[in-house]
Amino acid sequence: METLRLDGVRKTYGVGTSIQTEVLHGVDLVLRRGEFSALIGPSGSGKSTLLNVIGLLDQPTGGRVFIGGEETGTLGDADLTRLRGRAIGFVFQHHYQPEFTALENVMMPILAARGRPDEEMRATAATLLDRVGLTPWRDNKATEISGGQQQRVAIARSLAMKPALVLADEPTGNLDTKSADGVFDVLREINETSGTTFLIVTHDPRLAQRCDRIVELVDGHIVSDRVNTNVVRRSL
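Attention here is on the structure that accompanies the text. Residue positions within a chain follow its written sequence, with the count starting from 1. Where totals are concerned, whole chains, interfaces and linings use all residues; where local detail is concerned, this predicted model gives features only for residues with pLDDT of at least 70, and gives and counts side-chain atom pairs only at 80 or more. With hydrogens and water excluded, all non-hydrogen atoms of the structure serve as input to the side-chain values.

Before going further, it helps to spend a moment on the overall build of the chain. Looking only at helices and strands, the chain has seven helices and ten strands in total. All radius of gyration figures rest on C-alpha atoms, and the globule criterion is 2.2 Å times the number of residues raised to 0.38. A globule of 236 residues ought to have a C-alpha radius of gyration of about 18 Å, and the chain, at 18 Å, matches this closely. Seen along its three principal axes, the alpha-carbon backbone of the chain occupies a region of about 55 × 45 × 35 Å. Think of it in three bands: with a 1.4 Å probe and only protein chains considered, a residue is buried below 20% of the maximum accessible area for its type, exposed above 50%, and partly exposed in between. Counting all 236 residues of the chain, 45% fall into the buried class. Note on definitions: a residue-residue contact is assigned when non-hydrogen atoms from the two residues lie within 4.5 Å. Restricting to contacts in the chain with at least 6 residues of sequence separation, those with at least 24 account for 68%. As presented, the chain carries roughly 11,400 Å² of accessible surface, and 49% of it is formed by carbon and sulfur atoms. Once the 27 positive and 30 negative side-chain charges of the chain are each reduced to a mean point, those two points are 3 Å apart. Counting from the N terminus, the helices are the DSSP runs of H or I reaching at least four residues and the strands are the DSSP runs of E reaching at least two. Note on areas: these come from Shrake-Rupley sampling with a 1.4 Å probe, and a residue is covered only by the protein chains present in the view. When charges are counted, neither His nor the chain ends are considered; positive counts come from Lys and Arg and negative counts from Asp and Glu. Taken as the charge location is NZ of Lys, CZ of Arg, CG of Asp or CD of Glu.

A separate point is the sheet that holds strand β6 (residues 88–92). Paired strands, as defined in this entry, are two strands with at least two bridges between them according to DSSP. The strand order across the open sheet formed by six strands is β6-β7-β8-β3-β9-β10, and the pairing between neighbours is mixed. The sheet is open, and its two borders are formed by β6 and β10 (221–227), each paired with just one other strand. Along the sheet, successive strands turn relative to each other by an average axial angle of 15°, direction set aside. In terms of strand pairing, strand β9 (residues 213–218) meets β10 through six bridges, oriented antiparallel. The residue of β10 that forms the bridge with V215 is D225. Contacts from helix α6 (residues 177–194) reach β3 (36–40) and β8 (197–201) within the one sheet, and its direction differs from that of β8 by about 155°. Here an angle of 0 to 180 degrees is reported between the N-to-C directions of two axes, which are lines fitted to C-alpha atoms, with helices fitted over the stretch in contact.

Side-chain rings of Phe, Tyr and Trp, where Trp is taken by its six-membered ring, are said to pair if the distance between their centres is within 6.5 Å; with planes under 30 degrees apart they count as stacked, over 60 as edge-to-face, and otherwise as tilted. Under the definition given, this model contains three aromatic pairs. Taking the centre distance of 5.6 Å and the plane angle of 85° together, the rings of F36 and F184 count as edge-to-face. Taken together, the positions of F36 in strand β3 and F184 in helix α6 put the pair 148 residues apart, joining distant regions of the chain. Neither residue differs from the other here; F36 and F184 are each classed as buried. Note on F90 and F92: the rings are 5.5 Å apart at their centroids and 45° apart in plane angle, and the pair reads as tilted. A relative accessible area of 12% places F90 in the buried class.

Attention shifts here to unusual backbone geometry. The bulk of non-glycine residues show a negative phi, and the bulk of peptide bonds are trans. Of note in this structure, L56 is not a glycine but carries a positive phi near 60°. Looking at the secondary structure, you find L56 in the loop between α1 (47–54) and β4 (62–67). For L56, a relative accessible area of 5% translates into the label buried. Phi at K162 is positive, roughly 55°, even though this residue is not glycine.

Right, here's the structure in full:
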């Protein structure tokens, strides 16, 4: 089952002006349910732009984007927002609100979708925090926990709406090796137990080698897309 399909996706900035810059050049990509993939490439290769297009945060200039088999190009803003909230989770660096507790941060996507908070919402958030090992810190503000714990909050938050696809942009970028390994272990455990599809942007070749598939983007082109037959499994 396809979670994501990109057909000939292009992205050009400055359309309608004298200076146009094409960042993505006809990208084709399919992610299936349960895949755990790395997206690698040098700075300026278009990884962030591609992630924004996949995450429905930006519209492609050309080509088609399908999420769960639904073509997104014909959807209006409200429908795109609903689809993004329902089908896609995001794990970015510092993807939390520092003035709120860990529990409140995880509740936010559910609150945005449903309105007023209730006990069911709190229970869901508490269960997700337990899943990422943060129950003892659920009432701590984000500024009162470590960087690795903050990223675990971001992971729990990304899962709040039970998305089919999670996009993680350098989720371990500012962490030490031990904390990075712990965050990555959580992502992998969720993938294996829930069948959630992951696309992880990383500059760390060590972490890329722990993914089942490695997609390389250079100058807006996918230059390599290979199954990783030598996946590195970490002994826990």
